[in-house]
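# Close look at the chain arrangement
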Amino acid sequence: MKTREITKIAILTSICVVISIIESYFTFIGDIIPGLKLGLANIVIIFALYKCGFKTALLVSLIRVLIVAILRTGFGINFFFSLSGALFSIIAMTILMKTKLSIIGVSIIGSIFHSIGQVLIGIIMLDNYNVIYYLPYLLIFSIPTGIIIGIITKKIINSTEKYS
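So, here is what we can say about the structure in this document. (Residues numbered from 1 in each chain as written. Predicted model: local features only at pLDDT ≥ 70, side-chain atom pairs only at ≥ 80, totals over all residues. Heavy atoms only, no water.)

## Describing the overall build of the protein
- Scanning the protein for helices and strands turns up six helices and zero strands.
- Mapped from its N terminus to its C terminus, the protein presents α and β elements in the order α-α-α-α-α-α.
- The C-alpha radius of gyration computed for the protein amounts to 15 Å, which stays within 12% of the reference 15 Å derived for 164 residues, consistent with globular compactness.
- Taken over the C-alpha atoms alone, the protein extends approximately 50 × 35 × 30 Å along its principal axes.
- When the 164 residues of the protein are sorted by exposure, 39% land in the buried category.
- For the protein, contacts bridging at least 24 residues in sequence account for 73% of all contacts bridging at least 6.
- Working note: accessible area of the protein is about 9,300 Å², and carbon and sulfur atoms make up 71% of it. (Helix = DSSP H or I, 4+ residues; strand = E, 2+ residues; numbered from the N terminus. Rg over C-alpha atoms; globule rule 2.2 N^0.38 Å. Buried < 20%, exposed > 50% of the residue type's maximum accessible area, 1.4 Å probe, protein only. Contact = heavy atoms within 4.5 Å. Areas by Shrake-Rupley, 256 points an atom, 1.4 Å probe, with all protein chains shown as cover.)

Below is the structure:
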């Protein structure tokens, strides 16, 4: 891996970590549904996916989950929820970005699959299928959060086109 690529990953990851930690202090959203967040760090992940490719976006996402676990949440069940959500969403977004789906559509799908990944890991780790009842509520919020993240990401990508 070249120095330029490592630097790009480090910068994107640091932005993601800062956004994640700041967002974790805004618990009023999580009061509606525990654990619910806007997912603002996903702006950086989607940006990386479109501008740098799958490998970079995956590394940024996984390193972010690891660093936030070290700094904020620990390696308990929250780590596995974040990890599974990150993996599910980035795989789904990578597959769908190759279609004619817009960045906003890809963001919505990423948000939906993030929720699905979290519920699946919840069922596995808690050994309780009742976690599935949580999914409709998460999916309802996945659509507007996916739209918001997609719009912001699209504006950032469009504004950085002249620097590519």
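## Concerning the nonpolar core
- By size, the foremost hydrophobic cluster in this structure holds 19 residues, and its most contacted members are Leu 12, Cys 16, Ile 45, Val 60 and Met 93.
- Mapped by element, the contributors of at least two residues to this core are α1 (3–24), α2 (42–51), α3 (54–73), α4 (77–97), α5 (103–126) and α6 (135–160).
- Ranked by residue count, the leading element in this core is α2, at seven residues.
- When sequence neighbours within four positions are dropped, the list of residues in contact with Leu 12 reads Val 44, Phe 47, Ala 48, Cys 52, Thr 56 and Val 60.
- Formed by seven residues, the second largest nonpolar core is a distinct cluster that contains Ile 33, Leu 36, Ile 123 and Val 131. (Core = buried A, V, L, I, M, F, W, Y, C linked by side-chain atoms within 4.5 Å.)

## What to know about α1
- The end-to-end C-alpha distance of α1, which contains 22 residues, comes to 31 Å, matching closely the 32 Å that a straight helix rising 1.5 Å per residue would cover.
- Along α1, the residues classified as buried are Ile 9, Leu 12, Thr 13, Cys 16, Val 17, Ser 20 and Glu 23. Around the axis of α1, the buried residues are gathered within 140 degrees of arc, so they sit on the same side. Exposed side chains of α1 directed beyond 90 degrees from the buried face belong to Thr 3 and Arg 4.
- Along its buried surface, α1 packs onto α2 and α3. (Expected span 1.5 Å × (residues − 1). Arc of directions from axis to C-beta.)

## Considerations on the packing of aromatic side chains
- Throughout the structure, instances matching the rule amount to two aromatic pairs.
- What links up through ring pairs into an aromatic cluster is the set Phe 75, Phe 79 and Phe 80.
- Over the aromatic face of Tyr 25 sits the side chain of Arg 72, whose NZ or CZ is 4.2 Å from the ring centroid. (Phe/Tyr/Trp six-rings, centres within 6.5 Å; stacked < 30°, edge-to-face > 60°. Lys NZ or Arg CZ within 6 Å of the ring centre and 35° of its normal.)

## Here's the deal with unusual backbone geometry
- Despite not being glycine, Asp 127 has its phi angle at roughly 50 degrees, a positive value.
- Mapped onto the fold, Asp 127 is located in the loop between α5 and α6.

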